[in-house]
Amino acid sequence: MPSTRRRVVPTPRLGSTVVLRPTSEPGVRFPSEVDTVEARDRRGQERAITGNRLTSWAFAEAYGAPDAESAEGTALRWARERAREAGVRAVSPGTGDALRLLAAVSGARAVVEIGTGTGVSSIHLLTGMRPEAVLTTVDTEPERQQFARQAFRLAGFAANRTRIIPGHALDVLPRLTDGGYDLVFCDGDRLEYLECLAESLRLLRPGGMVCFAGVFAGGRTVDSAAAPTEVRRLRELLRAVRESPQLTPALLPVGDGLLCAARV
Ligand SMILES: C[S@@+](CC[C@H](N)C(=O)[O-])C[C@H]1O[C@@H](n2cnc3c(N)ncnc32)[C@H](O)[C@@H]1O
């Protein structure tokens, strides 16, 4: 047996640990026949189900990752490193896959993103969008957007595929065209999500889609404990989206929760 390092995924609530024995290629996160699950403090079938589910989630998160040597893979790795250094919470790989899929199935020609960061989610969106489509991306931090600009170049996207706007979401969104967009992706200030929802309804064409990242708030959204303002606002958002007659919602359990809704 070759000596390989183990990746350990802790599960705080259950007090158990899933150990993924890595596949033969370093860095490749696909479970193989030798992947095993060791869930401590659990018994029999319950232990296997819990462990298998966590392994499946880890597998799903890594599933659509691009080839590490491709331009997209190189750019994503670079953008993630810049995000880590800057303390920016980039979308998870699984969230990125979902965004790319949604951009592709909606045949997106015009997309708005709130929260450029260093460009991780933007690259996923651009990859799914039509070849001539334009991503309008907004962030309050122009230095982060400079990194994003470099990442887009590394990924091979022409400069005219992106419109990079420094500014606050609630200042910029009102200036964008009514009904002019296929997809709005919100990953900025969680306290402003409800206002972004209202703006999105105006910006989206019928059948267009709005998505909000991070709606689980690390599990606090569904926790019954007293919640800070951000979590209470996220619960209001979840309710508003579900109850809106203008929206068809789905809450996708990727990353830290991706709330999506199509405009009727
Ligand atoms: C979670 S990060 C975005 C990560 C990015 N979507 C990615 O996956 O790489 C949130 C970003 O939103 C920006 N931001 C925070 N408040 C904002 C606001 N009111 N308007 C626009 N951007 C904002 C922050 O500067 C930060 O870069």
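Our subject is the structure that appears above.
Model, not experiment: these values are computed from the prediction.

Chemist: Explain unusual backbone geometry residue by residue, including any values.
Modeler: For A217, which is not glycine, the phi dihedral falls at a positive 50°. Turning to its location among the elements, A217 is positioned in the loop between β7 (204-213) and α8 (229-243).

Chemist: How would you explain the sheet that holds strand β4 (residues 134-139) if you had to name every residue and give the values?
Modeler: Spatial strand order, β5-β4-β3-β6-β7-β9-β8: seven strands in an open sheet with mixed pairing. Each of the sheet's edge strands pairs with one partner strand only, and the pair in question is β5 (162-166) and β8 (247-252). Taking the axes of each pair of neighbouring strands and ignoring which way they run, one obtains an average angle of 15° across the sheet. Taken together, the five bridges between β7 and strand β9 (residues 258-263) define a ladder with antiparallel strand orientation. Paired with F212 across the strands is L259, a residue of β9. In this fold helix α5 (residues 142-155) packs onto β4 and β5, with an angle of close to 170° to the strand it touches most, β5.

Chemist: Give me the lowdown on the side chain of R82, citing residues and values where you can.
Modeler: Tracing the sequence through the fold places R82 in helix α2 (residues 71-86). By relative accessible area, which is 12% here, R82 ends up buried. Sequence-distant contacts of R82, defined by excluding residues within four places in its chain, comprise T118 and F147.

Chemist: Quick one: what's the story with the side chain of E192, residue by residue and with numbers?
Modeler: By secondary structure assignment, the location of E192 is in the loop between β6 (181-186) and α7 (193-203). The buried charged residue E192 lacks any salt bridge partner; its closest oppositely charged side chain belongs to R233, at an N-O distance of 8.9 Å. What E192 contacts, discounting residues up to four positions off in sequence, is A169 and L170.

Chemist: Quick rundown of the site of the ligand? Include the residues and the values.
Modeler: In the region of the ligand, 20 residues are neighbours, and G115, S121, D139, A169 and D187 sit closest. In the model, an oxygen atom of the ligand is placed 2.7 Å from a nitrogen or oxygen of the D139 side chain. In the model, a nitrogen atom of the ligand is placed 3.0 Å from a nitrogen or oxygen of the E192 side chain. When isolated, the ligand has an accessible area of 610 Å², and the protein chains bury 91% of it.

Chemist: An account of α8 is requested, with residue identities and associated values reported.
Modeler: With 15 residues, α8 extends 21 Å between its outermost C-alpha atoms, agreeing within 8% with the 21 Å of an ideal straight helix rising 1.5 Å per residue. Along α8, the residues classified as buried are V231, L234, L237 and V241. In an axial view of α8, the angular spread of the buried residues amounts to 110°, which keeps them on one side of the axis. Buried residues in α8 make contact with α7, β7, β8 and β9.

Thresholds applied
- Residues numbered from 1 in each chain as written.
- Predicted model: local features only at pLDDT ≥ 70, side-chain atom pairs only at ≥ 80, totals over all residues.
- Heavy atoms only, no water.
- Helix = DSSP H or I, 4+ residues; strand = E, 2+ residues; numbered from the N terminus.
- Pairing = 2+ DSSP bridges.
- Axes fitted to C-alpha atoms, helices over the stretch in contact; angles between N-to-C directions.
- Contact = heavy atoms within 4.5 Å.
- Buried < 20%, exposed > 50% of the residue type's maximum accessible area, 1.4 Å probe, protein only.
- Lys, Arg positive; Asp, Glu negative; His and termini not counted.
- Salt bridge = Lys/Arg side-chain N within 4 Å of Asp/Glu carboxyl O.
- Near = heavy atom within 4 Å.
- Polar contact = N/O pair within 3.5 Å; in protein donor to acceptor, adjacent residues only side chain to side chain.
- Areas by Shrake-Rupley, 256 points an atom, 1.4 Å probe, with all protein chains shown as cover.
- Expected span 1.5 Å × (residues − 1).
- Arc of directions from axis to C-beta.

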